[in-house]
Amino acid sequence: MPTDMSTSPSGRYDTASAASWRRNHDDAPDTTILFARLARLPEGPERDAVRDELVTAWLPMAHRIAGRFRDRGESAEDLRQVAALGLVKAIDRFDPARGAFESYAVPTITGEVKRHFRDRMWALRVPRRIQELRNRVRVARRELTQHPGTPEPDAADIAAHTGLSPAEVTAGLEALECFSTLSLDAEPATGDDGWSLADTLGATDASYDVVVDREAAKDGLRRLPERERAILYMRFFEDMTQSRIADRLGISQMHVSRLITRSCARVREEALGRRPGGRNGPHRRGTRDITSSTAPA
């Protein structure tokens, strides 16, 4: 990588200085003529051939940059492919009039590899804001402990150093431990009784019983006379009172009450008849419970 970025005080590349730029790596070939030719060519096979030649010439540099990120949980081959993608982007975007290609390509390729780690290497998808907090906290911890004998900084120290709030520092610290995940089959660090992490998560969902009861009651409800089905629908789906149902059908409230009781008992008996003894012994739900379980949640 060149020590002189060949820039003017304004921050733009100085073409005159770039002409005297000296390469520090053997994998930085002189491709000035190829880039000038690429800039003049229109889209087509000839331009594609020149572009491929530039990629081949600079690929060893991309591989060298990828090697800086080895031993971080990603295979060397995948890192080389990501770096090669960054190289192609650098070639496509480079303006030969603005200076040396290597001074533009190195940060472009490095940024592509870093984005790969940021966006692809998390076992769980972590929001960009949390990833950025993690990086700021990590850098702050390194800066605060760079002198030998310096104690490990706490959240307050990091917050004062970075200007982050305590809550943001806490989120960043938690994210430091979240780059990889544990298997649910892993045993807790303090456990010696054969339990796994999966055994500590979740609970029995009572809704499963409701689903089973609804399915068990469906056939019995279908076999009821039409008027009784209508009464149950108005009572348990439309939440109508027995008095309103009686007024709509032109019968007494007592008659409606008897029909509901009789219909629920019939559906309950038919449901129990298809499940002798129930799943865990006799069914414990009441007549009203079985029928009301068919109502929408």
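Residues numbered from 1 in each chain as written. Predicted model: local features only at pLDDT ≥ 70, side-chain atom pairs only at ≥ 80, totals over all residues. Heavy atoms only, no water.

Draft legend 1. Summary view of the side chain of arginine 47. The residue arginine 47 is located in helix α3 (residues 45-67) in this model. A relative accessible area of 16% places arginine 47 in the buried class. With sequence-adjacent residues up to four places away left out, arginine 47 is seen in contact with Leu38, Leu41 and Pro42. (Helix = DSSP H or I, 4+ residues; strand = E, 2+ residues; numbered from the N terminus. Buried < 20%, exposed > 50% of the residue type's maximum accessible area, 1.4 Å probe, protein only. Contact = heavy atoms within 4.5 Å.)

Draft legend 2. Quick look at the environment of serine 196. Residue position: serine 196 is located in the loop between α8 (166-176) and α9 (207-222). Given the relative accessible area of 12%, serine 196 is considered buried. Remark: the alpha-carbon pair of serine 196 and aspartate 185, spanning 11 residues in sequence, is separated by 5.2 Å. When near neighbours in sequence (up to four residues on either side) are disregarded, serine 196 contacts Leu184, Asp185, Ala186, Glu187 and Pro188.

Draft legend 3. View of the pattern of salt bridges. Throughout the structure, instances matching the rule amount to 15 salt bridges. A salt bridge links arginine 47 to glutamate 43; its shortest N-O distance comes to 4.0 Å. In this structure, glutamate 270 engages arginine 223 in a salt bridge whose closest nitrogen and oxygen atoms are separated by 2.8 Å. In this pair, glutamate 270 is assigned in helix α12 (residues 253-274) and arginine 223 in the loop between α9 and α10 (226-236), connecting sequence segments 47 residues apart. Among the residues examined, arginine 223 registers a relative accessible area of 47% and is labelled partly exposed. One salt-bridge network, held together by shared partners, links Lys89, Glu112 and Arg115. (Salt bridge = Lys/Arg side-chain N within 4 Å of Asp/Glu carboxyl O.)

Draft legend 4. Molecular detail of the nonpolar core. Core analysis: the biggest nonpolar cluster contains 27 residues, and Phe35, Leu87, Ile91, Phe101 and Ile109 have the highest contact counts within it. Elements that contribute at least two residues to this core include exactly α2 (32-40), α3, α4 (76-93) and α5 (101-120). Broken down by element, this core gets its largest block of residues, eight residues, from α3. Ignoring any residue separated from it by four or fewer positions in sequence, one finds phenylalanine 35 in contact with Leu54, Trp58, Ile91, Phe94, Pro96 and Phe101. Counting residues in hydrophobic clusters, the runner-up holds 16 residues, among them Val256, Leu259, Ile260 and Val267. (Core = buried A, V, L, I, M, F, W, Y, C linked by side-chain atoms within 4.5 Å.)

Draft legend 5. Quick peek at the confidence of the model for the protein. Residues with a pLDDT of 70 or more make up 78% of the protein, whose mean pLDDT is 79. Low pLDDT, under 50, characterises residues 1-23; the stretch is placed with 36 contacts to residues that sit more than four places away or in other chains. Predicted confidence is poor over residues 275-297, with pLDDT under 50, and the contacts of this stretch with residues over four places away or in other chains come to 43 contacts. (pLDDT = per-residue confidence, 0-100.)

Draft legend 6. Quick peek at the packing of α3 against α5. At a minimum axis separation of 10 Å, α3 and α5 run at an interaxial angle of 45 degrees. On the basis of their axis angle, the class for α3 and α5 is oblique. Considering the relative orientation of α3 and α5, their crossing is right-handed. Residues Trp58, Met61, Ala62, Arg64 and Ile65 of α3 form the contact with α5, whose own contacting residues are Phe101, Glu102, Ala105, Val106, Ile109 and Thr110. For the contact of α3 with α5, the class distribution of residues is eight nonpolar, one polar and two charged. (Axes fitted to C-alpha atoms, helices over the stretch in contact; angles between N-to-C directions. Parallel < 35°, antiparallel > 145°, perpendicular 65-115°, else oblique. Left-handed = near helix turned anticlockwise from the far one by under 90°. Nonpolar A, V, L, I, M, F, W, Y, C, P; charged D, E, K, R; others polar.)

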